[in-house]
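Working through the structure, step by step
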Amino acid sequence: MADNNIFLFVPNLIGYARVVLGLGSLYFMPTNHVLAASLYILSGFLDAFDGHAARILNQSTKFGAMLDMLTDRCATMCLLATLGSFYPSYLFVFQLVMIVDVSCHWIHLHTSNVLGKTSHKNVGEEENALLRFYYTSRPFLFFMCAGNELFYSMLYLLHFTYGYTFLGMSVIKILVVLLFPVAVLKFILAIMQGGSAWRNLGYIDIKEREESDKKQ
């Protein structure tokens, strides 16, 4: 008989480890940038394995999906809050990114649940082609998520150090420049995701009201 104690499923154990690593990263952010960045990036790196483990071991759960998403959103939000204090001239930009990141992911997950989808990553043919590709291509999804997190991590490190140099240029600065378009595209995708979710939620309301009118 299968063990259905989902709290001890492998992907959820990875999720718990990510929470611990994330909290450790936040604790050391003001004082130890090397340790903080290492813990943060390691937590993000493990994000690629919990979903893989869930599929391989047939241990996908709603609990794990929520744990994964909240860990991602909270970690990114706290890092952006830190960046806002490091780069006060861009505080509004970081605040805007936080608003879009949290709200659009939440409404997307909520609408997916209302629609009865087994996963918020299941998108229909009616969705925007780019958004559909984002969720159906695992390499592209990984590249976008990893690139986005690495961009903000490099911005964090840049506050403390230029790091190693290559041909007289800071490697950290090079990564920031190269990854900036990824962060912008990720921001746009989040807006598209949120807009689609709000539209679908509105359609649900319209359908329910029409069905209610027919019964009267």
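What you see is a predicted model, and the numbers here were worked out from it, not measured in a lab.

Another aspect to go through is a negative patch on the surface. The grouping of Asp205, Glu208, Glu210, Glu211 and Asp213 at the surface amounts to a negative patch. Along the chain, the position of glutamate 208 falls in helix H7 (residues 171-215).

Sequence positions flagged by UniProt for "transmembrane region" (unreviewed entry) are, in local numbering, residues 7-28, 34-53, 74-93, 140-158 and 170-192. Split by type, residues 170-192 is 96% helix and 4% strand. Its first and last C-alpha atoms lie 34 Å apart.

A contiguous nonpolar surface patch, about 610 Å² in accessible area, is contributed by Tyr164, Phe166, Leu167, Met169 and Val171. Mapped onto the secondary structure, tyrosine 164 falls in the loop between helix H6 (138-158) and strand S1 (165-166). Residue tyrosine 164 is classed as exposed on the basis of its relative accessible area of 73%.

Counted as a void, the second largest pocket has a volume near 350 Å³. If you trace the second largest pocket, you find 13 residues lining it, with Val93, Phe94, Phe151, Leu155 and Phe180 closest to the centre. Of all the elements in the fold, those that place two or more residues in the lining of the second largest pocket are helix H4 (91-114), H6 and H7. Looking at the lining of the second largest pocket, the element that brings in the most residues is H7, giving 5 residues. Looking at the lining of the second largest pocket residue by residue, the classes come out as 13 nonpolar, no polar and no charged.

To continue, consider the environment of glycine 194. Position of glycine 194 among the secondary structure elements: in helix H7. Assessed through its relative accessible area of 1%, glycine 194 is described here as buried. Linking glycine 194 and methionine 69, residues 125 residues apart in sequence, is a C-alpha distance of 15 Å. Filtering out sequence-adjacent residues up to four positions away, glycine 194 remains in contact with Cys104 and Ile107.

Under the domain assignment, the protein is made up of domain 1 (1-86) and domain 2 (90-215). On a C-alpha basis, the centres of domain 1 and domain 2 stand 17 Å from each other. On the side of domain 2, 21 residues touch domain 1, which itself brings 22 residues to the contact. With both chains or domains summed, domain 1 and domain 2 bury close to 2,100 Å², and 75% of this area falls on carbon and sulfur atoms. Connecting domain 1 to domain 2 are 1 salt bridge. Between aspartate 101 and arginine 73 there is a salt bridge, with its nearest N and O atoms 2.9 Å apart.

Reading guide: rules and limits
Residue positions are given per chain, counting from 1 as you read along its sequence in written order. Predicted model: local features are reported for residues with pLDDT of at least 70 only, side-chain atom pairs are reported and counted for 80 or more only, and whole-chain, interface and lining totals are derived from all residues. For the side-chain quantities, the full set of heavy atoms in the structure was used; hydrogens and water were omitted. Residues with no salt bridge and a relative accessible area higher than 30% make up the patches, which join like charges within 9 Å and nonpolar side chains (Val, Leu, Ile, Met, Phe, Trp, Tyr) within 5 Å. In short, Shrake-Rupley with a 1.4 Å probe defines the accessible areas, and a residue's cover is counted only from the protein chains shown. Think of a salt bridge as a Lys or Arg side-chain nitrogen and an Asp or Glu carboxyl oxygen that are within 4 Å of each other. In this tally Asp and Glu are treated as negative and Lys and Arg as positive; neither His nor the chain ends contributes. Working definition for charges: the position is that of NZ of Lys, CZ of Arg, CG of Asp or CD of Glu. Segments assigned H or I by DSSP are reported as helices when at least four residues long, segments assigned E as strands when at least two residues long, and all are numbered from the N terminus. UniProt positions are given in the numbering used here, feature names are shortened, and annotations may be inferred rather than shown by experiment. A 1.4 Å probe rolled over the protein chains alone gives each residue an accessible area, and that area as a share of the maximum for its type sets the label: buried under 20%, exposed over 50%, partly exposed in between. A cavity here means a set of 1 Å grid points, computed over protein atoms only, where a 1.4 Å probe fits but cannot escape. A pocket is an open set with protein on both sides within 12 Å along at least 5 of 7 lines, and lining residues have an atom within 4 Å of a point. Grid points are joined across faces, edges and corners, and a volume is the space filled by probe spheres set on the points. Amino acid classes used here: Ala, Val, Leu, Ile, Met, Phe, Trp, Tyr, Cys and Pro are nonpolar; Asp, Glu, Lys and Arg are charged; the rest, including Gly, are polar. The contact criterion used is simple: two residues touch if any of their non-hydrogen atoms lie within 4.5 Å. Domain delimitation follows an automatic or database domain assignment. By definition, the buried area sums, over both parts, the 1.4 Å-probe accessible area that each loses when the two are put together.

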